[in-house]
Amino acid sequence: MADPELAVTRAQVGKDLEHDVDSSGEQVRRTGRLALYARRFLRRPSAVVGVVVLALLVLFALFGDLLTRWGYDEPDFLALASPPSAEHLFGTTQGGSDVFALVVRGLGRSLMIGILSSLAITFVAAVVGTAVAFFEGWVERVGMWVLDMLLVIPSFLLIAMIVRSSSGSSGWLWLTLGITAFGWVGYARVLRTLTLSLRELDYVHAARFMGVRPFTIIGRHLVPNLGSVLIIQTVLGVVAAVNSETALSFLGLGIKAPDTSLGTILQMGQGVVQTSPWVLLAPAVALILLTLSVQLIGDGLRDAIDPHSRSGGKA
């Protein structure tokens with residue numbers, strides 16, 4: 001038969017593992033890492049504002065077309081260059097297109113390009129950057145040489161050439177592919193530098209000694225230890241991808257008709273800024289709010305994950 005005292009001791013040990021005991025003898029439940037990050041993040045009002053603004057923008061891009069009966073590709077020829085009104089909330093363009101519907105479509109397209117490009121860039125940069133640092137010797141030298149060569153390629157012109165050769169309906173896919181193909185190089189160099197210190201840790205040497213496959217070590221030990229950097233970079237990478245898409249579309253080298261994006265609308269508005277300023281104002285405000293909200297979220301994540309950040313106080 002089992003010893004009752006032994007069973008009580010085991011139960012008490014289990015409780016001690018789940019709780020800490022403070023100086024007064026009272027049990028204090030431990031806070032998980034994710035809960036700690038969430039509390040530190042929510043402690044920053046600017047980060048919460050960024051989440052709220054971004055959520056509103058996403059809802060606007062998803063369901064904004066329900067607030068108007070006009071489609072982004074359905075011009076109203078009876079209201080050419082008309083100012084904002086009950087019929088057209090943000091006014092119309094010179095061709096009669098509803099600016100509200102254009103902004104809804106353009107914001108959704110820019111968000112999709114930004115999010116997909118940022119996720120793909122983070123994944124490629126994490127794999128390549130850690131692999132270049134993990135494989136020492138000639139593999140590392142060749143890998144760094146390739147990264148240095150890719151940095152001097154005129155990526156802006158190559159992306160423009162790729163997108164211009166595509167059709168209007170699939171242009172956003174080619175633009176996403178182009179931004180991803182040339183956007184990971186600099187980030188991979190940063191991750192390679194961070195991985196140089198991780199590869200010298202004891203558990204990495206132990207895994208090598210035990211014969212664990214290299215890419216298993218990379219996926220199981222190196223990449224997860226860069227998780228905080230990857231999360232922050234993914235969030236901030238959305239802003240970089242949206243800005244790249246906006247710049248290309250503004251110059252006429254990105255999204256083309258019949259599709260639209262924030263950069264395309266800004267291009268239409270810059271020519272009529274004196275006669276129809278609402279065409280430029282609406283997408284500009286949407287772009288500013290998107291960039292600002294993601295930047296605030298990125299700053300909040302950085303302070304929440306970094307133990308030496310300025311988010312002080314008890315969690």
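Residues numbered from 1 in each chain as written. Predicted model: local features only at pLDDT ≥ 70, side-chain atom pairs only at ≥ 80, totals over all residues. Heavy atoms only, no water.

Undergrad: What's the story with the pattern of salt bridges in this structure? I'm lost.
TA: Pairing between side chains of opposite charge can happen when their charged atoms approach one another. For the structure shown, the criterion picks out nine salt bridges. Across the pair Asp-259 and Arg-109 runs a salt bridge, and its minimum N-O distance is 2.9 Å. Residue Asp-259 is found in the loop between α11 (227-250) and α12 (262-270), and its partner Arg-109 is found in helix α4 (residues 99-134); the two are separated by 150 residues along the sequence. Each member of the pair, Asp-259 as well as Arg-109, is classed as buried. Of the charged contacts in the structure, one is a salt bridge between Arg-302 and Asp-299, with a shortest N-O distance of 2.9 Å. A residue pair is termed a helical-turn pair when its members lie 3 or 4 positions apart in one helix, as Arg-302 and Asp-299 do in helix α13 (residues 277-305) at three residues. Note on Asp-299: relative accessible area 22%, which makes it partly exposed. Bridged by salt links that share partners, the residues Glu-140, Arg-192, Arg-199 and Glu-200 form one connected network. (Salt bridge = Lys/Arg side-chain N within 4 Å of Asp/Glu carboxyl O. Helix = DSSP H or I, 4+ residues; strand = E, 2+ residues; numbered from the N terminus. Buried < 20%, exposed > 50% of the residue type's maximum accessible area, 1.4 Å probe, protein only.)

Undergrad: What's the story with the nonpolar core in this structure? I'm lost.
TA: Note on soluble globular proteins: their nonpolar side chains tend to be buried together. Formed by 32 residues in total, the largest nonpolar core has its most connected members in Leu-175, Ile-179, Trp-184 and Leu-191. Of all the elements in the fold, those that place two or more residues in this core are α4, α5 (138-151), α6 (155-164), α7 (171-183), α8 (185-198), α9 (202-209), α10 (214-225) and α11. Ala-47, Leu-111, Ile-265 and Val-272 belong to the second largest nonpolar core, which has 30 residues in total. (Core = buried A, V, L, I, M, F, W, Y, C linked by side-chain atoms within 4.5 Å.)

Undergrad: Sorry, what's going on with the confidence of the model for the chain here?
TA: Where the model shows low pLDDT, its predicted coordinates should not be examined in detail. Here the chain averages 81 in pLDDT, and 85% of its residues register 70 or above. No element of the chain has a lower mean pLDDT than helix α1 (residues 4-18), at 45, and none a higher one than helix α3 (residues 45-63), at 92. Residue range residues 4-19 is modelled with pLDDT below 50. Its contacts to residues more than four positions away, or to other chains, number eight contacts. Every residue in residues 311-315 is under pLDDT 50, and counting partners more than four places away or in other chains gives nine contacts. (pLDDT = per-residue confidence, 0-100. Contact = heavy atoms within 4.5 Å.)

Undergrad: What should I look at first to understand the side chain of Ser-82 in this one?
TA: Counting through the fold element by element, Ser-82 comes out in the loop between α3 and α4. Judged by relative accessible area, Ser-82 falls into the buried class, the value being 15%. Setting aside anything within four residues of it in sequence, one finds Ser-82 in contact with His-88, Gly-91, Thr-92 and Trp-278.

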